[in-house]
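Chain and residue survey
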Amino acid sequence: MRFKDIVGQQNLKNRLIQTVNEGRISHAQLFVGKSGFGSLPLAIAYAQFIACENKVDNDSCGTCSSCIKFNKLAHPDLHFSFPVSTTESVKSKPVSDNFIREWRELNLEKPYFDLEEWHRAIGIGQKQSLINVTESQEIIKKLNLKAFESEFKFLLIWKAELLNPQASNKLLKLIEEPVGKTIIILVAEDEEALLKTITSRTQMIRVPPIEVNELASYLIEKEKIDSAKAQQIAALSDGDLLVAEEKLHLSEDAEMYFQLFVTWMRACYEANIEKMHAWVEQVSDRKFGREKQKQFLEYALEVMREGMIRNYAGGSLQRFDGPEGNFLKKFAPFVHENNIFGIMEILNDAHFHVSRNAYAKILFMDMSMKFANLLRVKKRTFVS
Ligand SMILES: [Zn+2]
């Protein structure tokens, strides 16, 4: 991980580089900031920069023998500690080394991730994870070794707030007086959750939110979206890259649901069996999945409700805009008092059955047939 791979954070990078250039590297540091601000990749890039044998202007070189090992997170003087838990294969006293392969894989594939994603990577789901006292003993053992290749040994403790109290206490002495040339970097999101005895012994580096423009540029380049959309998402993400990516994926899903809904309603209204069939194939594809099917049905319910409101209360309550709004304007007259209850019931039932593992193809085809009838029901004309 090189500084150039970090999104934004130029001021902080400059400060870190300066401490190295001036030989003022503190032996125990605490990087505090959300995962989506880049606190972990920054800490890794910082260590790589310190260890680089051929520093270029403001970055590590990426090609010296130290950098090559750092690029794979496999430098013998680079140690990691992170929260773990027991799993199928590690039945007791889990330590970071049991999961080092998963750790490297996740970091190399996706340098920005949070605890939830880490839990998924090691397959522990909702279980809690910790940095326990056995891990502290391992750390002490490792740091008592001499540095193998680099001038310094590095220990990066990720999610240091998950050090349990015994583990923290065991590490105190090490943090206060590290053996040999050791640099300990704790990475945490929540400094309040750390023991005061730890925070008082470390130099705190605050990792701020990523600048909006930098986050937008990242989205344009990495996610290939247009600049207006990138700016809009970046502005709503509080400088957090993980929040921005989540927002982007949600908006992509919303766009897909909209297109799917339009195609569906057209096929049903035309009572076109061939088109219905093609649509059913698409929505019951295994790649689409049960979760998305449920989300799509929730979306369909919302559009129907919105159509109904629009139909009776006019456009003033409309929450949809852009292409969705235009579609709704034309679609609303088809949703009215004579069919809305039937429509809602069918969608709600389908939602229930999808959760209960119903066979999607039959379910969606059946719904399509019912909608073909319901959409043709005439709105009642009032005769006095
Ligand atoms: Zn290098």
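Fair warning: this is a prediction, and the values are worked out from it, not measured in the lab.

Attention now moves to the overall build of the chain. Broken down by element type, the chain carries 16 helices and 5 strands. Relative to the compact-globule value of 21 Å for 384 residues, the chain shows a C-alpha radius of gyration of 28 Å, a clear excess of over 25%. By principal-axis analysis of the C-alpha atoms, the chain measures approximately 95 × 45 × 40 Å. A burial count over the chain gives 34% of its 384 residues as buried. Contacts spanning at least 24 positions in sequence make up 73% of the contacts within the chain whose residues lie at least 6 apart.

In terms of domains, the chain is made up of domain 1 (3-208), domain 2 (211-239) and domain 3 (250-374). Here the C-alpha centre of domain 3 lies 31 Å away from the C-alpha centre of domain 2.

Our next topic: the nonpolar core. Residues Phe31, Ala43, Ala47, Leu156, Ile185 and Val187 are the most contacted members of the largest nonpolar core, which totals 65 residues. At 9 residues, the largest contribution of residues to this core is made by helix α2 (residues 39-51). The residue makeup of this core includes at least three contributed by each of domain 1 (3-208) and domain 2 (211-239). Look past the residues within four positions of Leu156 in its chain and what remains in contact with it is Ala43, Ile44, Ala47, Phe80, Ile185 and Val187. Leu297, Ala300, Val303 and Ala350 belong to the second largest nonpolar core, which has 25 residues in total.

Residues spaced three or four apart along an α-helix face the same direction, because each turn holds 3.6 residues. All of the buried residues in helix α12 (residues 273-283) are Met276, Trp279, Val280 and Val283. Seen end-on, α12 carries its buried residues on one side only, within an arc spanning 100°. Exposed and facing more than 90 degrees away from the buried side of α12 are Glu274, Ala278 and Glu281. For α12, the secondary structure elements touched by its buried residues are α11 (241-269), α13 (289-313) and α16 (360-374).

Another aspect to go through is the pairing of strand β4 (residues 182-188). For β4, the buried fraction is high: 7 of the 7 residues fall into the buried class. Taking every second residue as pointing to the same face, both faces of β4 are buried, with Thr182, Ile184, Leu186 and Ala188 on one and Ile183, Ile185 and Val187 on the other. Here 5 bridges tie strand β1 (residues 28-32) to β4, and the two strands are oriented parallel to one another. Note that in β4 the partner of Val32 across the bridge is Ala188. A crossover connection joins strand β3 (residues 153-158) to the parallel β4 through helix α7 (residues 165-176); in handedness this β-α-β unit is right-handed.

For Met256, the location among the structural elements is in helix α11. Of the residues examined, Met256 has 15 C-beta atoms within 10 Å and is grouped as partly exposed. Spatially, the C-alpha atom of Met256 lies 9.0 Å from that of Phe296, the residues being 40 residues apart in sequence.

Orientation of helix α9 (residues 212-223) relative to α11, taken along the N-to-C sense of each, is 50°, at an axis distance of 11 Å. Compared by their axis directions, α9 and α11 come out oblique. When you trace α9 past α11, the crossing you get is right-handed. Of the residues in α11, those touching α9 at Leu215, Tyr218, Leu219 and Glu223 are Leu241, Ala244 and Leu248. Residues belonging to the contact of α9 with α11 are distributed by class as follows: 6 nonpolar, no polar and 1 charged.

What follows covers the environment of Lys93. Looking at where Lys93 falls in the secondary structure, it is placed in the loop between β2 (78-81) and α4 (100-109). The spacing of Lys93 and Leu172 is 79 residues in sequence and 21 Å in space, taken between C-alpha atoms.

What follows covers the sheet that holds β2. If you walk across this open sheet you meet the 5 strands as β2-β3-β4-β1-β5, and the pairing is parallel. Both outer strands of the open sheet, β2 and β5 (203-206), are each paired with one neighbouring strand and no more. Each strand of the sheet is rotated relative to its neighbour by a mean of 20°, with strand direction disregarded.

Criteria and thresholds
Residues numbered from 1 in each chain as written. Predicted model: local features only at pLDDT ≥ 70, side-chain atom pairs only at ≥ 80, totals over all residues. Helix = DSSP H or I, 4+ residues; strand = E, 2+ residues; numbered from the N terminus. Rg over C-alpha atoms; globule rule 2.2 N^0.38 Å. Buried ≥ 20, exposed ≤ 12 C-beta atoms within 10 Å, placed from the backbone. Contact = placed C-beta atoms within 7 Å. Domains from an automatic or database assignment. Core = buried A, V, L, I, M, F, W, Y, C linked by C-beta atoms within 7 Å. Arc of directions from axis to C-beta. Pairing = 2+ DSSP bridges. Right-handed = clockwise from strand over helix to strand, strands pointing away. Axes fitted to C-alpha atoms, helices over the stretch in contact; angles between N-to-C directions. Parallel < 35°, antiparallel > 145°, perpendicular 65-115°, else oblique. Left-handed = near helix turned anticlockwise from the far one by under 90°. Nonpolar A, V, L, I, M, F, W, Y, C, P; charged D, E, K, R; others polar.

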